[in-house]
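Observations on the three-dimensional arrangement
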Protein chains: 2
Amino acid sequence: MKVYLDHAATTPVDKRVLEAMLPYFSDRYGNPSSIYSFSNEAHEAVEKARGSVARLIGAEPSEMIFTSGGTEADNLAIQGTAFANRHKGNHIVTSAIEHPAVLNTCKWLETRGFEVTYLPVDREGLVSPEKLESELRSGTILISVMHANNEIGTIEPIEEIAKLARERGICLHTDAVQSIGKIPVDVKKMGVDLLSISAHKICGPKGIGALYVRKGTDIAPLAHGGGHEHGMRSGTENVPGIVGLGKAAEIAHAEMKADSEHMARLRNRLVDGALKIENSWLNGSTAKRLPNNANFGFGFIEGEALVLELDFNGIYASTGSACSSKSLEPSHVLRAIGLPPEQCHGSLRMTLGRENSAEEIDYVLQVLPKVVGKLREISPFKKDFGDYEKTLGKGGHGGHAHVY
Amino acid sequence: MKVYLDHAATTPVDKRVLEAMLPYFSDRYGNPSSIYSFSNEAHEAVEKARGSVARLIGAEPSEMIFTSGGTEADNLAIQGTAFANRHKGNHIVTSAIEHPAVLNTCKWLETRGFEVTYLPVDREGLVSPEKLESELRSGTILISVMHANNEIGTIEPIEEIAKLARERGICLHTDAVQSIGKIPVDVKKMGVDLLSISAHKICGPKGIGALYVRKGTDIAPLAHGGGHEHGMRSGTENVPGIVGLGKAAEIAHAEMKADSEHMARLRNRLVDGALKIENSWLNGSTAKRLPNNANFGFGFIEGEALVLELDFNGIYASTGSACSSKSLEPSHVLRAIGLPPEQCHGSLRMTLGRENSAEEIDYVLQVLPKVVGKLREISPFKKDFGDYEKTLGKGGHGGHAHVY
């Protein structure tokens, strides 16, 4: 049995999405910027997709800019706001648990004359609006806090943050790459100015994403050229990719409720089963969690070894985030929620998709205890078992066992 | 009959390319950065494609960075060199006939403290290496001259320019988006440090491109994130797109000679036939021209009207470049080669592809004279016929009629 449980890293393209894309490769291949009729169908397909993506998040079609993915959308939002508003100030507020596309962009901006405040989070991974408020100042031009975290699935209080931003006329960006298609996302209700989307996290293709830019929000482009996407994103439109994102958004809009219930049901079954393993815990929040995310800690073992043993059994999961999974650094997210480095190393992220089944989860729950047991037998950490138990307390880190 | 003659704008995806891409959407969909075995096939496919693209241009695989297309590659090359070498100088040299992705990036850099020299070109569209040399100075950090022009197909003397750049340790970038797959491109023979590629101009998919970065060349990334592509281009790899570019490069490598001969034969037939129309001329160079490019001028008519009339007859061509074809500005390329604005407006670009046939060209040659004649009958410029004839001289602008 093959069980893919790394949907936060990437998802299979839905067959309906691929089918929608196919005509735009070799048949309706016109350049949407051309003026002859043959290109109209490509142009119209792009605009239809723009409408579908806008609809998913409650935006106007004219507020959507297509990008090459979430990373570009995050960079366009953050660099774009920073450079367009430099005359108003140089201060940016973000959180310590953002995706590297946000964190590393902010770090880079620090080398370009900007000041960045990295907000701490609590043990559940939540940003405190009060703490955030206390960091705002007259030169604050941007707040960037993710909608939901990619590693532990924590859903941040964006609406509360938006109120603080609005009162002060500060631009608010949120990376919604992990949340769209899983929980309701409505840019107007949330009150955000900029919101990043990626297709390949919602059963769309890789290489395409979008940035919502609220009407009247001033951002500078990253790249310059033919002036596509209102001059905000030059380059011939990736028509099949855009059509794929549009179709994925359409499906997400129609089926999110059922999919999320299905994923939450399976995820709860997975968590219940996995936490029966001794010295295990769930990292992250209880109530404020994406329906498809589980992030476990297992004492005395290395997450990487665990991932490879599961792989050997046909189960695909991750430790840390996919983007940094080839790095040996402990997860910055798990460190930010207060886990000591040795516990960060033992983390296992399992993220579900709509195609996962109860049978698959049952198979995982057969394999997981055996694999954890096997690794513990050969674990070099085992000798410290006594001390470890004392430090950890029963039920593991933060007392999150059996809660989801 | 439908005849697509706008391959410089975009091309149909070759069926073999699409076939190569298909498994990577819904089957081998793993994230190449993940560590489990399921992702290996995606990772290996990316590396195989990197090898194919490198082979097409005589580079090492490790010297190729995948981007979202030609515009991003141009921006990464030019912004990347400018910001990484700011301590060495602030002067950039480019030509007046570059693609907007180069020109507008240079114009933007002028607002960021850089000085840019825009070299004029001669009536054939050629940059003069002597003129270029006279503009080089101690603070020159980058030369960016395209390999072949997208509107008139002129092939620039890159090898000669490279000698000048090498002698002075100046970085040389060339936009080879139009030349790869049509004429030999070898980065070592050419002596360039940076070279831009786009897939959708060589029967690959839209939304993917690459930048060749010679080993040891220092560039700064445009966007920041998970550190993909040696930290030069963050974001989950567009695996199907990369596979598509790789396959398109492989086909171009194997079939370029035959394809180019085929296209040149048809193009010559097209030019011979079209120039029988009175008051017509060929814009661009005679010998130094891409095999698939024809750029005509027809006196007394508007290029846009001509494109729409041809469209009505199932023939798809362009006026100006595709990227700016929705703009009403006269082509900056045609102005740079010395055409007065009214003659720029009457231009018609026809760019061939490997799937075009002699029958298609014959059909175009039946339709074109009729359409030109019809438009001239209703032309408001017609009254100036006498003056115009005098200005133009027999055989049209620059005496380029019947030369290709």
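In total, this model carries 36 salt bridges over all chains according to the counting rule given. Here Glu115 of chain A and Arg137 of chain A are joined by a salt bridge, their closest N and O atoms 2.7 Å apart. Of this pair, Glu115 of chain A sits in strand β4 (residues 115-119) while Arg137 of chain A sits in the loop between α6 (129-135) and β5 (140-144), and the two are 22 residues apart along the sequence. Residue Glu115 of chain A is classed as partly exposed on the basis of its relative accessible area of 40%. In this structure, Asp14 of chain B engages Arg16 of chain B in a salt bridge whose closest nitrogen and oxygen atoms are separated by 3.0 Å. On the basis of relative accessibility, which here comes to 12%, the residue Asp14 of chain B falls in the buried class.

Our next topic: the relation of the copies chain A and chain B. Mapping chain A onto chain B calls for a screw motion: a turn of 180° about the axis and a shift of 0.0 Å along it, with 0.0 Å RMSD after fitting. What the superposition gives is, in effect, a two-fold axis relating one chain to the other. For chain A, the residue whose C-alpha comes nearest the rotation axis is Ser68 of chain A, separated from it by 3.1 Å. Interface residue correspondence from chain A to chain B reaches 100%, placing this contact among same-surface, isologous pairings.

Residue and element names in this part refer to chain A. Split into domains, chain A comes out as domain 1 (3-7 + 256-393) and domain 2 (15-253). A separation of 29 Å is found between the C-alpha centroids of domain 1 and domain 2. Counting residues at the interface gives 27 residues for domain 1 and 32 residues for domain 2. By the criterion of area lost to domain 2, the three top residues of domain 1 are Met256, Leu290 and Arg354, representing 28% of everything that side buries. Where domain 1 meets domain 2, there are 11 residue pairs in polar contact (both at pLDDT 80 or more). Looking at the side of domain 1 that touches domain 2, the elements with two or more residues in it are α9 (239-274), β10 (293-298) and α11 (332-336).

As a further point, take the sheet that holds strand β2 (residues 64-67) of chain A. Residue and element names in this part refer to chain A. Spatially, β2-β8-β7-β6-β5-β3-β4 is the arrangement adopted by the 7 strands of the open sheet, whose pairing is mixed. The two strands at the open ends of the sheet, each matched to only one other strand, are β2 and β4. When strand polarity is set aside, the average angle formed by the axes of neighbouring strands in this sheet is 20°. Pairing geometry for strand β3 (residues 91-95) and β4, over 5 bridges, is parallel. Note that in β4 the partner of Thr94 across the bridge is Tyr118. Running at roughly 145° to β4, helix α5 (residues 100-110) makes contact with β3, β4, β5 and β6 (171-175) of the sheet.

By a widespread convention, an interface's size corresponds to the accessible area lost as its parts come together. Tallying the contact residues gives 61 residues for chain A and 61 residues for chain B. Each partner contributes to the roughly 5,200 Å² buried at the junction of chain A and chain B, and carbon and sulfur atoms together form 59% of this total. If you look at where chain A meets chain B, you find 0 salt bridges. Summed over the shared surface of chain A and chain B, the result is 23 residue pairs in polar contact (both at pLDDT 80 or more). Among the elements of the structure, α1 (15-21), α2 (23-26), α4 (70-84), α5 and α10 (303-312) of chain A are those that each provide at least two residues to the side of chain A that touches chain B. Ranked by residue count, the leading element in the side of chain A that touches chain B is α5 of chain A, at 5 residues. Grouping the amino acids of the side of chain A that touches chain B by side-chain chemistry returns 26 nonpolar, 25 polar and 10 charged.

As for its placement among the helices and strands, Gly225 of chain B is situated in the loop between β8 (209-213) and α9 (239-274). Residues Gly225 of chain B and Thr236 of chain B, 11 residues apart in the sequence, show an inter-C-alpha distance of 9.8 Å. The contacts of Gly225 of chain B, once residues within four sequence positions are left out, are Pro100, Ala101 and Asn104 of chain A together with Ser234 of chain B.

Ranked by size, the top nonpolar core spans 124 residues in total, and within it Ile57 of chain A together with Ile57 of chain B carry the most contacts. Those residues in contact with Ile57 of chain A that sit more than four places away from it in its chain are Met64, Ile180, Val185, Asp186, Val187, Leu195, Ile197 and Tyr212 of chain A.

Our next topic: the sheet that holds β10 of chain A. Paired through backbone hydrogen bonds, the strands of a sheet run either parallel or antiparallel to each other. All names here are of chain A. In space, the 3 strands of this open sheet follow the order β9-β10-β12, with antiparallel pairing throughout. Taken across any chain shown, the strands that pair with only one partner, and hence form the sheet edges, are β9 (280-282) and β12 (347-351). Taken pair by pair, the neighbouring strands of this sheet meet at an average axis angle of 25°, ignoring direction. Alignment of β9 against β10, held across 3 bridges, turns out to be antiparallel. The residue of β10 that forms the bridge with Trp281 is Gly297. Packing against the sheet, α9 makes contact with β9, β10 and β12, and its axis sits at approximately 10° to β10.

Residues and elements named next belong to chain A. Given a rise of 1.5 Å per residue, 18 residues ought to cover 26 Å, and the 26 Å separating the end C-alpha atoms of helix α3 (residues 40-57) matches this to within 8%. Within α3 the residues assigned to the buried category are Ala42, Ala45, Val46, Ala49, Arg50, Gly51, Ser52, Val53, Ala54, Leu56 and Ile57. Buried residues belonging to α3 abut α2, β2, α8 (187-190), β7 (194-198), β8 (209-213) and α9. Of the residues trailing α3, Gly58 is marked for its positive phi of about 70°.

Okay, the packing of aromatic side chains next. How two aromatic rings sit relative to each other is set out by the distance from centre to centre and by the angle between their planes. Counted under the stated rule, the structure contains 18 aromatic pairs over all chains. When the ring of Phe83 of chain A is compared with that of Phe114 of chain A, the centres are 5.7 Å apart and the planes differ by 85°; the resulting orientation is edge-to-face. Of the two residues, Phe83 of chain A sits in helix α4 while Phe114 of chain A sits in the loop between α5 and β4, which places them 31 residues apart along the sequence. With a centroid separation of 4.9 Å and an interplanar angle of 70°, the aromatic rings of Tyr29 of chain B and Phe38 of chain B are classed as edge-to-face. Assigned by exposure class, Tyr29 of chain B and Phe38 of chain B land together as buried. Counting every residue linked through ring pairs, the aromatic cluster contains Tyr4 and Tyr316 of chain A together with Tyr29, Tyr36 and Phe38 of chain B. Here the basic side chain of Arg86 of chain A rests over the ring of Phe114 of chain A, its NZ or CZ set 5.4 Å away from the ring centre.

The rules behind the values
Residues numbered from 1 in each chain as written. Chains lettered and ligands numbered in written order. Predicted model: local features only at pLDDT ≥ 70, side-chain atom pairs only at ≥ 80, totals over all residues. Heavy atoms only, no water. Salt bridge = Lys/Arg side-chain N within 4 Å of Asp/Glu carboxyl O. Helix = DSSP H or I, 4+ residues; strand = E, 2+ residues; numbered from the N terminus. Buried < 20%, exposed > 50% of the residue type's maximum accessible area, 1.4 Å probe, protein only. Least-squares fit on C-alpha atoms with pLDDT ≥ 70 in both. Contact = heavy atoms within 4.5 Å. Domains from an automatic or database assignment. Buried area = accessible area lost by both parts, 1.4 Å probe. Polar contact = N/O pair within 3.5 Å; in protein donor to acceptor, adjacent residues only side chain to side chain. Pairing = 2+ DSSP bridges. Axes fitted to C-alpha atoms, helices over the stretch in contact; angles between N-to-C directions. Nonpolar A, V, L, I, M, F, W, Y, C, P; charged D, E, K, R; others polar. Core = buried A, V, L, I, M, F, W, Y, C linked by side-chain atoms within 4.5 Å. Expected span 1.5 Å × (residues − 1). Phe/Tyr/Trp six-rings, centres within 6.5 Å; stacked < 30°, edge-to-face > 60°. Lys NZ or Arg CZ within 6 Å of the ring centre and 35° of its normal.

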